[in-house]
Protein chains: 2
Amino acid sequence: VKTVLLSGGTGGAKLARGLIEVCDLTIVANTADDVEMYGVHVSPDPDLITYWLADAIDERGYGIRDDTWKVMDALEAAGVPTWFRLGDRDLAMCLMRTGLLRAGARLTEAHAEVVEAMDVRVPVLPMCDEPVATHVRSGGRLVPFQEYMIVERAETPIDGVELRGIESARPTPEIRDALATADAILIGPSNPVISIGPILGVPGMRDALRDARAPVVAVSPFVGGHGIKGPTDGFCAYAGIETSAAGIARAYDGIVDGVVADEPLDGIPALQTDTLMDTPESRRRMAEETLSLARTLQRLS
Amino acid sequence: VKTVLLSGGTGGAKLARGLIEVCDLTIVANTADDVEMYGVHVSPDPDLITYWLADAIDERGYGIRDDTWKVMDALEAAGVPTWFRLGDRDLAMCLMRTGLLRAGARLTEAHAEVVEAMDVRVPVLPMCDEPVATHVRSGGRLVPFQEYMIVERAETPIDGVELRGIESARPTPEIRDALATADAILIGPSNPVISIGPILGVPGMRDALRDARAPVVAVSPFVGGHGIKGPTDGFCAYAGIETSAAGIARAYDGIVDGVVADEPLDGIPALQTDTLMDTPESRRRMAEETLSLARTLQRLS
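Residues numbered from 1 in each chain as written. Chains lettered and ligands numbered in written order. Predicted model: local features only at pLDDT ≥ 70, side-chain atom pairs only at ≥ 80, totals over all residues. Heavy atoms only, no water.

With that settled, consider the pattern of salt bridges. Residues and elements named next belong to chain A. Under the defined criterion, the tally for this structure stands at 36 salt bridges over all chains. The partner of arginine 164 in a salt bridge is glutamate 162, and the shortest N-O contact between them spans 3.8 Å. By relative accessible area, arginine 164 is classed as partly exposed at 42%. Glutamate 162 sits in the partly exposed class, given a relative accessible area of 32%. For arginine 210, the salt bridge identified is with aspartate 207, shortest N-O distance 3.4 Å. With a gap of three residues between them, arginine 210 and aspartate 207 both fall in helix α9 (residues 205-211), about one helical turn apart. (Salt bridge = Lys/Arg side-chain N within 4 Å of Asp/Glu carboxyl O. Buried < 20%, exposed > 50% of the residue type's maximum accessible area, 1.4 Å probe, protein only. Helix = DSSP H or I, 4+ residues; strand = E, 2+ residues; numbered from the N terminus.)

Residues and elements named next belong to chain A. Within strand β2 (residues 24-29), five of the six residues are buried, leaving the element largely enclosed by the surrounding structure. As paired strands, strand β1 (residues 2-7) and β2 are joined by six bridges and run parallel to one another. For valine 4, the partnering residue across the bridge sits in β2 and is threonine 26. The parallel pair β1 and β2, bridged by helix α1 (residues 10-19), forms a crossover whose chirality is right-handed. Alignment of β2 against strand β5 (residues 124-126), held across three bridges, turns out to be parallel. By the bridge assignment, isoleucine 27 is partnered in β5 with valine 124. (Pairing = 2+ DSSP bridges. Right-handed = clockwise from strand over helix to strand, strands pointing away.)

Another point: the confidence of the model for chain A. A residue-level look at chain A finds 99% of positions with pLDDT of 70 or above and a mean pLDDT of 95. Listed scores for the predicted complex are pTM 0.92 and ipTM 0.89. (pLDDT = per-residue confidence, 0-100.)

On to the interface of chain B and chain A. In this assembly, 22 residues from chain B lie in contact with 22 residues from chain A. A buried area of about 1700 Å², summed over both sides, lies between chain B and chain A, and 80% of it is on carbon and sulfur atoms. Inspection of the region where chain B meets chain A yields zero salt bridges. Here chain B is connected to chain A by zero residue pairs in polar contact (both at pLDDT 80 or more). Breaking the side of chain B that touches chain A down by element, the ones donating at least two residues are α3 (70-77) and α4 (88-102) of chain B. Among the elements that make up the side of chain B that touches chain A, the one with the highest residue count is α4 of chain B (ten residues). (Contact = heavy atoms within 4.5 Å. Buried area = accessible area lost by both parts, 1.4 Å probe. Polar contact = N/O pair within 3.5 Å; in protein donor to acceptor, adjacent residues only side chain to side chain.)

In this section: the sheet that holds strand β9 (residues 184-187) of chain B. Residues and elements named next belong to chain B. Spatially, β5-β2-β1-β9-β10-β13-β14 is the arrangement adopted by the seven strands of the open sheet, whose pairing is parallel. Strand pairing shows two members of the sheet lacking a second neighbour, β5 (124-126) and β14 (270-272), which therefore form its edges. Taking the axes of each pair of neighbouring strands and ignoring which way they run, one obtains an average angle of 20° across the sheet. (Axes fitted to C-alpha atoms, helices over the stretch in contact; angles between N-to-C directions.)

Once that is clear, we can look at the state of the cysteines. With the rule as written, the count across this model stands at zero disulfides over all chains. In this model cysteine 94 of chain B remains outside any disulfide bridge; the closest cysteine sulfur is found in cysteine 94 of chain A, 17 Å from its own. Using a relative accessible area of 0% as the deciding quantity, one classes cysteine 94 of chain B as buried. (Disulfide = S-S within 2.5 Å.)

For the rest of this paragraph, the subject is the environment of arginine 97 of chain B. Residue and element names in this part refer to chain B. Position of arginine 97 relative to the elements: it lies in helix α4. By relative accessible area, which is 0% here, arginine 97 ends up buried. In sequence terms arginine 97 and arginine 176 are 79 residues apart; their C-alpha atoms lie 23 Å from each other. Residue contacts for arginine 97: discarding those within four places in its chain leaves His41, Val42, Ser43, Asp47, Leu107, Ala110, His111 and Val114.

Once that is clear, we can look at helix α2 (residues 44-53) of chain A. Within α2 of chain A, ten of the ten residues are buried, which leaves it mostly tucked inside the rest of the structure. Aspartate 55 of chain A lies just past α2 of chain A and shows a positive phi near 55°.

On to unusual backbone geometry. For aspartate 55 of chain A, which is not glycine, the phi torsion reads 55° and is therefore positive. Residue position: aspartate 55 of chain A is located in the loop between α2 and α3 (70-77). In this structure, alanine 154 of chain B takes a positive phi of about 50° despite not being glycine. Taking relative accessible area as the criterion, alanine 154 of chain B reaches 24% and is therefore assigned partly exposed.

Below, the structure is given as structure tokens:
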């Protein structure tokens, strides 16, 4: 089954890890969290998805397992603020990407080298090649996303979200092709505002999804009525998205044909199951169940 | 004695190390060797001078002693060409500089942070804030300087040297001020073509040197009629500079008032001495002797 997964960070990455065992997968990853740190282009979501697929994700959930910290230690000793901590191997991946970008490569081409370097055989496509940068308005200030999340610990109420540069972004040829030829399109259990929101916000992305022949199935990021990780609830509250299966169905209205969630849902084809993916087995099971809903919808159409 | 030293790499750096013990030093460093590697701005000459002054130079003569190689190892494992090898701590200095440059700092400001991070109390000023990039024409190809030196091992004959961007460069306010207020100006024993040549090639630099009230003393880079390090002779042959004290005096004609060399020299005030600086004592002695010639010339003027 040719499958495309739209994904933010951890939730989508876990589903992706299950999916590579059971289908022919292409991932479209949020890049609105991308940031330049120490002059280096960091792509948190594409990278952590890649590390998950390489079975190399670290205990923090975004770096490379057993990485070392020589460069961060040196930066810290030099008095450079190091709240954004990149391990040495993680940094090497970012340097490779940055070198390619400065030499004129598209972000898609540059990240493909990271994927290959991690021995991952599945395309992890940036949602666009153009720079998009999420900013959060909070307490009267507009703060870059990573700074809001890490420095401010996402503790202050969210008054606004800006996706800078999104109006100039376009789905890449690789994404258009993957969507047009997919048998199933999945929206991962990622933050609908700041992870899936930017992907769907790329001008032309919604049309490409609507034009695709494949059914679109969303996996709810809510477990027991809440996001698993801290900030999801806050962003949903700001965006007026109810943290429930019904909320997800409404958030993706006009795009999704089915929803997988841990609660019953009316008005749209849905599959109720245990959506927690904290073991390899549960990740594979979730992948299979989500694809089975997609397959059912395909037959219906 | 307020002293300004124009310096390339190792030779000038060794003299600088001697000079900081005996005078109030400011260094003007060649930046035409600067290069972007892995997307990171590397400044070989300013950095190695800084590491020399910090007593932290490594056995290769351009990195930081006892550095580690985690990032290079990871890049190599990822299949990235790593002929330009930066240790982790060295890389951290480059990342600090790169981050500052991308945030809009001048190269002078960015390198000042590296100098401070290395606990060096002496200004190491880039020769200009504008990008200048030495290219070498050899075997019908125009090759970036570091590639010619490291990948091609400077083995093929030199048919040309291009200092790309030099026409847009200008002496910085910091350099103008240092030269105008100096008691002595020294030209270090560095390659006259590719190290001192770019510094003197910055439009306005020769005028600033001529306008300075301080005498200008050059230290010959030739020991026994040859450059100590490989490529000097080849570049001098290309440029028609005789590898002798007389050759240096002619190369800096109109700028220098005196020359320090390991051989006698007629027609210009000169000091003959052992110019090898392979020990702390010899570096300090060379610093003292060079300054004493400058002091004599000052009295004469």
